[in-house]
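# Coordinate analysis (summary)
Letter by letter, the chains look like this.
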Amino acid sequence: MKCLLNINELKVYYFTRRGVVRAVDGVSLNISRGEVLGLVGESGSGKSTLGISLLGLVPPPGRVVGGSIIFDGIELTKLSADEFAKIRGRRISMIFQDPMTSLNPLMKIGDHLMETIMIHENIPKNEARERSIKALEEVGIPPERFNDYPHQFSGGMRQRVMIALAILLNPDLIIADEPTTALDVIVQAQIIDLLNNLRKQYNMSILLISHDIGVVSEIADKIAVMYAGHLVEMADVDVIFKDPLHPYTSALLRAVPLIESKYEKLYYIPGSPPDLVNPPKGCRFHPRCPHATDICRTREPRTVSIEDHIVKCWMYCDTYE
Amino acid sequence: MLKAYLIKRALMTIPTMLILLTIIFLIMRVLPGDPVAAIVGTKAPPEVIQSVTRRLGLDQPYHIQYINYLSDLLRGDLGRSMIWGRRPVIDEIMDHFPATLELSISAFMVSILIGIITGTEAARKFRSKFDQVLRFYGILTYSLFIPWFGIMLQLIFSVYLKLLPVGGRIDPFMEPEKITGLYLLDSILTLNIPSFFNALSHLVLPSITLGVYISGVFTRTVRSNMLEVLRKDYITAARARGIPENVVVYRHALKNAFIPILTMMGLQFALLLAGAVLTETTFSWPGMGTFLLERIMYRDYTTVQGTVVFIALLIVSISLLVDIMYAYLDPRIRFR
Ligand SMILES: Nc1ncnc2c1ncn2[C@@H]1O[C@H](COP(=O)(O)OP(=O)(O)OP(=O)(O)O)[C@@H](O)[C@H]1O
Ligand SMILES: [Mg+2]
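Residues numbered from 1 in each chain as written. Chains lettered and ligands numbered in written order. Predicted model: local features only at pLDDT ≥ 70, side-chain atom pairs only at ≥ 80, totals over all residues. Heavy atoms only, no water.

## Section: the domain arrangement of chain B
All names here are of chain B. Partitioning chain B into domains gives domain 1 (2–74) and domain 2 (94–335). Taking only C-alpha atoms, the centre of domain 1 and the centre of domain 2 are 32 Å apart. The interface of domain 1 with domain 2 comprises 22 residues on the first partner and 17 residues on the second. Taken over both partners, the interface formed by domain 1 and domain 2 buries close to 1,800 Å², and the fraction arising from carbon and sulfur atoms is 75%. At the boundary of domain 1 and domain 2, one finds zero salt bridges. Inspection of the region where domain 1 meets domain 2 yields two residue pairs in polar contact (both at pLDDT 80 or more). Those elements giving two or more residues to the side of domain 1 that touches domain 2 turn out to be α1 (2–30), α2 (35–40) and α4 (62–74). (Domains from an automatic or database assignment. Contact = heavy atoms within 4.5 Å. Buried area = accessible area lost by both parts, 1.4 Å probe. Salt bridge = Lys/Arg side-chain N within 4 Å of Asp/Glu carboxyl O. Polar contact = N/O pair within 3.5 Å; in protein donor to acceptor, adjacent residues only side chain to side chain. Helix = DSSP H or I, 4+ residues; strand = E, 2+ residues; numbered from the N terminus.)

## Section: the packing of aromatic side chains
Tallied over the entire structure, the rule returns eight aromatic pairs over all chains. A ring pair is formed by A:Tyr13 and A:Phe15, whose centres lie 6.4 Å apart and whose planes are at 55°; its orientation type is tilted. The class for A:Tyr13 is buried, based on a relative accessible area of 12%. Ring centres of A:Tyr227 and A:Phe285 lie 5.0 Å apart, and the angle between their planes is 80°; this geometry places the pair in the edge-to-face category. Remark: A:Phe285 occurs in the loop between α9 (247–254) and α10 (294–298) and A:Tyr227 occurs in strand β9 (residues 222–227); sequence separation between them is 58 residues. Pair check on accessibility: A:Tyr227 and A:Phe285 agree, each one buried. Cluster of aromatic residues (ring-pair linked, three or more members): A:Tyr227, A:Tyr248 and A:Phe285. One Lys or Arg, A:Arg145, reaches over the ring of A:Phe153 and ends 4.3 Å from the middle of that ring. The aromatic ring of B:Tyr183 is capped on one face by B:Arg169, whose charged end is 3.7 Å from the ring centroid. (Phe/Tyr/Trp six-rings, centres within 6.5 Å; stacked < 30°, edge-to-face > 60°. Buried < 20%, exposed > 50% of the residue type's maximum accessible area, 1.4 Å probe, protein only. Lys NZ or Arg CZ within 6 Å of the ring centre and 35° of its normal.)

## Topic: the pattern of salt bridges
Scanning the entire structure with this criterion turns up 25 salt bridges over all chains. The salt bridge involving A:Arg284 is made with A:Asp25; its shortest N-O contact spans 2.6 Å. Taken together, the positions of A:Arg284 in the loop between α9 and α10 and A:Asp25 in strand β2 (residues 19–32) put the pair 259 residues apart, joining distant regions of the chain. Here the two residues A:Arg284 and A:Asp25 agree in accessibility, since each one is buried. With its nearest N and O atoms 2.7 Å apart, the salt bridge here joins A:Glu121 to A:Arg131. Here A:Glu121 is found in the loop between α3 (109–120) and α4 (125–138), whereas its partner A:Arg131 is found in helix α4, with ten residues between them in sequence. Overall, the relative accessible area of 24% leaves A:Glu121 in the partly exposed class. The partly exposed category is assigned to A:Arg131, whose relative accessible area is 27%. Where salt bridges share partners, they join B:Arg87, B:Glu92, B:Asp95, B:Glu294, B:Arg295 and B:Asp300 into one cluster.

Right under this line is the structure:
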């Protein structure tokens, strides 16, 4: 498969009063065309920051401080504001966590879609309208709801609208940041199904962000695991589930309640994620790692790849240099 | 639903109006001097003073005067002026109201324009030097002394640069034919171009003076509301769809920030009228402020009371209007 997105040594920091929050600290990954990459990790590990940086919308006091993001041959980190705006919504779009707050309360549902089309494409109003109605139908919203306001929609329906907005211009990549977290279980399943169907239909790539590895595994081809601003492991879904290498990934898998696995009881990872202003020396996971050794406490492990399986852990660095 | 609420709101203002009225009634009578002295002078013989006092009904005890006044008012009668031609108070008010309205509207537009632009830009550049300067502006204008500021503008633009007239509302014999009493509007309606520009040139300095005075409040309100709205998810979502930043800020965000700003504008109307009094006297603007001060001086009881009632009713109607606009702007209220 052809590579669509190439992130290399990306660093995104927040310059807060408390200090520099190293939310994304040297992450590299690739997404191919048509591929769904699931990005998982505990709260605060930097998933959303990574996602939003792909749209150049890291909120202040945050900033991309290093690395590169190459999207279909375009270096995104060097784009001007205007150039970036042309990519947003058209070639890369985003679905957010909370559908209740992601739509403008004063705008009709249909106007959200029409505005988006007309900003990017120079087409007459009635054509924009037709396409908007079609996009809504595709996510299961009947045309007669076109002139409704967001508050007249349920959470699940609003997330469908957000999805319609995301697929509207047939983008190459959709970033879905916890798209189902705010929804109840049944609606969650419907939304995941919908995403899966659309993705097959349009051959779009999706970066699916979630703290729930169970949800992600339903449609992801590959899974990337983040811990405290680092990418600690990445491999195909089956490989991650069958043969996780990083101790943190194993811990995450044990914390999944629903999937059938060899782990019986619900498990919580002891300890809490580190403070990203003063992350632990060495491997950031070492304070919570059952296998930690001296080197883990003092030096940061390299990222090694064993075929297509990438892991950042001293257990897999053969030589200690 | 909305109608019931508005009626309730209107009824709730009655006690407030009554208290206000009573206070004005008492203050006017407690102040030394009375309209009789203003009419006949202090050296008039006692018989004359007595007969004038009787004619004005001022020989009655205060409580009788008060009850008479209220019962007239309930019938919608503001009474007659106590001095000179004894014209009906409402006519006197209507002679001066359009001037104040014209000044207020244009000052309001000046202040909204300044307030929205400075407040929005301050919010966009949160915590920058620019933001800090504008925050200072917000505080500065609030403590601005209108007569001083007005005189400064007069000195610069009228005396020194000779660009604009020092005061007044229009030059003699330039008045447009009266339709609404608003000179700008009337001169447009009658296609009287010289009058239009003459009236406009008189309007500029007073509008800026008054506009700047209230703009600071708007700057601060717009800034804080915009800061809040700009943090909302739907703003990020709009940006993520590639909506250009200016559209996101001035269409999506401003409209949402506007709902609380609107309430603020309704509240500022009272401040606007208070500022109008000072602006009018500074610029010899023949409006309600100049008029009210003059009549307070002459102790024209009925006219002062009537004017205060009129202004209070105006403020009440504006706040009702704001409520209606509120409902119109926000579908969540409209559809309830
Ligand atoms: N606007 C901000 N200002 C300062 N720090 C921030 C900001 N946004 C995020 N952070 C910090 O950056 C780190 C990563 O946050 P991020 O939201 O990317 O994590 P996440 O993995 O998406 O977490 P969650 O599962 O809670 O959404 C956290 O330590 C967070 O406190
Ligand atoms: Mg997040």
